[in-house]
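What follows is each chain in one-letter form.
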Amino acid sequence: MAGNTFGEQFRITTFGESHGRAVGVVMDGVRPGLPIDTSVIQKELDRRRPGQSHVTTARNETDTVEIVSGVFEGKTTGTPVCMIIWNKDQRPGAYDKMKTLFRPGHAGYTYLTKYGISDYRGGGRSSGRETASRVAAGAVAKSLLEQRGVQIIAYTLEAAGIRAKTIDYNAIETNPLRCPDPTAAAKMEEMILDAKAQGDSVGGIVEVVVKNPPVGLGDPVFDKLEADLAKALMSIGAVRGFEVGNGFGATKLRGSENNDPIFRDQSGRVRTRTNNAGGISGGISNGEDIVLRIAVKPTSSIAKEQETVTVDGEQATIKIEGRHDPCICPRVVPVAESMVALTLFDHLTRQELLHPDDSLAALRSSIDTIDQNILFLLAERQRIVLEVGQVKKREGKQIEDLRRESAILRRQLRLAKKLGLDMKLMERFLSVIFSLAKSVQKKIA
Ligand SMILES: Cc1cc2nc3c(=O)[nH]c(=O)nc-3n(C[C@H](O)[C@H](O)[C@H](O)COP(=O)(O)O)c2cc1C
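Residues numbered from 1 in each chain as written. Predicted model: local features only at pLDDT ≥ 70, side-chain atom pairs only at ≥ 80, totals over all residues. Heavy atoms only, no water.

Asks: Could you give an account of the nonpolar core, with specific residues and numbers?
Replies: Ranked by size, the top nonpolar core spans 78 residues in total, and within it Met27, Ile41, Met83, Val206, Leu233, Val340 and Leu344 carry the most contacts. Looking at this core, the element that brings in the most residues is helix α7 (residues 329–354), giving 12 residues. In this view, Leu233 contacts Val239, Phe242, Leu292, Ile294, Ala336, Met339 and Val340; residues no more than four positions away in its chain are not counted. (Core = buried A, V, L, I, M, F, W, Y, C linked by side-chain atoms within 4.5 Å. Buried < 20%, exposed > 50% of the residue type's maximum accessible area, 1.4 Å probe, protein only. Helix = DSSP H or I, 4+ residues; strand = E, 2+ residues; numbered from the N terminus. Contact = heavy atoms within 4.5 Å.)

Asks: Describe the pattern of salt bridges, naming the residues involved and giving the relevant values.
Replies: All chains considered together, the criterion is met by 30 salt bridges. For the salt bridge of Arg148 with Glu352, the shortest nitrogen-to-oxygen distance reads 2.5 Å. One end of the pair, Arg148, is in the loop between α3 (131–146) and β8 (151–159); the other, Glu352, is in helix α7, and 204 residues separate them in sequence. Assessed through its relative accessible area of 36%, Arg148 is described here as partly exposed. (Salt bridge = Lys/Arg side-chain N within 4 Å of Asp/Glu carboxyl O.)

Asks: Lay out the environment of Ser133 with the relevant residues and their values.
Replies: Along the chain, the position of Ser133 falls in helix α3. Judged by relative accessible area, Ser133 falls into the buried class, the value being 0%. Apart from residues no more than four positions distant in its own chain, Ser133 is found in contact with Thr14, Phe15, Val23, Gly24, Val25 and Ile85. Within the local environment of Ser133, its side chain forms a polar contact with the backbone oxygen of Gly24, the two atoms lying 3.1 Å apart. (Polar contact = N/O pair within 3.5 Å; in protein donor to acceptor, adjacent residues only side chain to side chain.)

Asks: Account for the sheet that holds strand β2 (residues 11–16), naming residues and giving values.
Replies: Overall, antiparallel pairing links the five strands, which are arranged β1-β2-β3-β7-β4 in an open sheet. Unpaired on one side and paired on the other, β1 (5–6) and β4 (65–69) mark the two borders of the sheet. Of the pairings in the sheet, the one linking β1 to β2 comprises two bridges and is antiparallel in character. In the strand pairing of β2, Phe6 is matched with Ile12. Of the strands in this sheet, β4 and β7 (81–86) touch helix α1 (residues 38–48), which is tilted by about 135° from β4. (Pairing = 2+ DSSP bridges. Axes fitted to C-alpha atoms, helices over the stretch in contact; angles between N-to-C directions.)

Now the structure itself:
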C-alpha cells in the first residue's frame, strides 16, 4: 500500500514490522561521493533504542544497523542506499491478547478495518519501532546538513505538565528525559514513575530548533517548508499537534506584537529582531532559527483496565501487558530530529537544482566525485580486461592485436575531438589504458 515513502528529490522508503524479521529503509536520490559513516548512524540509533532507562520501554534491542547497498569504501555510489536493523528481542506471544482485542488509542481497529488483515504483534507497522528506519536515514541527512553548518537540536520541553524553565543544550543528554532543564527533568521523571506505578502513562511537548538554516528552503504553495515539516513530524506515531514559531500563541497577539521587525546586521545580512515566525515566512526559510514544537500524547498501551471491543464486535475490557514507554517524549527526540533533517535535506537538494551551488568548495567536491568515478570505471575496465585475457588464453589467441588497437584509438580520438578534449593528451591517455590492459593480460597468459 502507498504511504511508506517520504521526500521528493531525497526520498526514503521504510519497511518492516515490530515483531517481523527486521525494519529498514531505502534512501533514493542520494548523490554519489557523499561520505557515510556507520558509527554516526549507530550513535543516533542508540539514542532512539529501547531499554535506555526506566522511563522508556524495557524491550532489549541493540538496533545494530547493517548497510546492504549503495555505499562503497565509505562513500555513496549514487545507487539506492539500503539499511537494515534486524529485530532480535521479539516476543510476539506477549501480544496474544491483541489478536482479538483492540487497544484503545492504538491502530489495531483502523488497520484491520482498512486492510482486512493486520500484523497485530506489537502493533506491527504502526509500532514506534518503525521509527528506527527513519532515524537511520535521518542520521545521514543530519550529518550532511552538519557538514554545511546546519545543526538540529530537539529536546523534551514539557512532560506530565512540567515545563523546562531553562534551556541548556549541554544538559539534554545528561538526563533520561532529554530535557534541557535538569531540575524540571527530575520532576518529570518523578511524575512519569508515579503514572507508571498506577499502570498509566503521560504525554508532553518536544521542541526542535534548527540553527543556521540556509535562506530559501521551501516551495510555495503546497510544499511550503512548514507544511512539509508538519507532515514529517505529524507522521510520527503518538504526535497529535504541530506548531511553528509562537504557533497558537500568535492568536493572542496584535500584529504590531507578532510581526518580527526586519533589520540589516553589521555583516550586511537581513535579520529579524524577534523570531515569532519560527524562521519561516511565506513558506520559505528566512535564515533565522527554525523553531518547531510537537504535542506527544500519553502512550496508549497502559496496564490500567479499559473498555474496548473484540475483533468480532463483542464488548470487553483490556489490560495491556508487554513492554511500553510510560512517556514517549525522550525517544521521540531523535526521531523528530531525523524527520526535520530529512525534510530540510530534501528541500536543500531541490533548492540546489534551482540555484546550483557554484562556491569553490562545491565545485571542487564535484571534480573529486568525477575523479572518483573515473577510478571506479577503470577498476571495472580492469575486471573485464582480465575476463577477456582468460577467454584469449582458453581460445589460444594472441594478447596483442595492433590493427584492432589502432582502429579503436582512431574512433575514440574522433569522439575526443567532438567533445572538445585535447587530442594529444587523449592519445597519451588512451595509450596508457591500452598498455595497462595488455600488461594485465600478459600476466595471466
Ligand atoms: C519512539 C516511539 C515509541 C513508541 N512506543 C510506544 C509504546 O511503547 N506503546 C504504545 O502503545 N505506543 C507507542 N508509540 C506510539 C504508537 O506508535 C502510536 O500511538 C500508534 O501507532 C497509534 O498512532 P497515533 O497515536 O499516531 O494515532 C511509540 C511511538 C514512537 C515514535
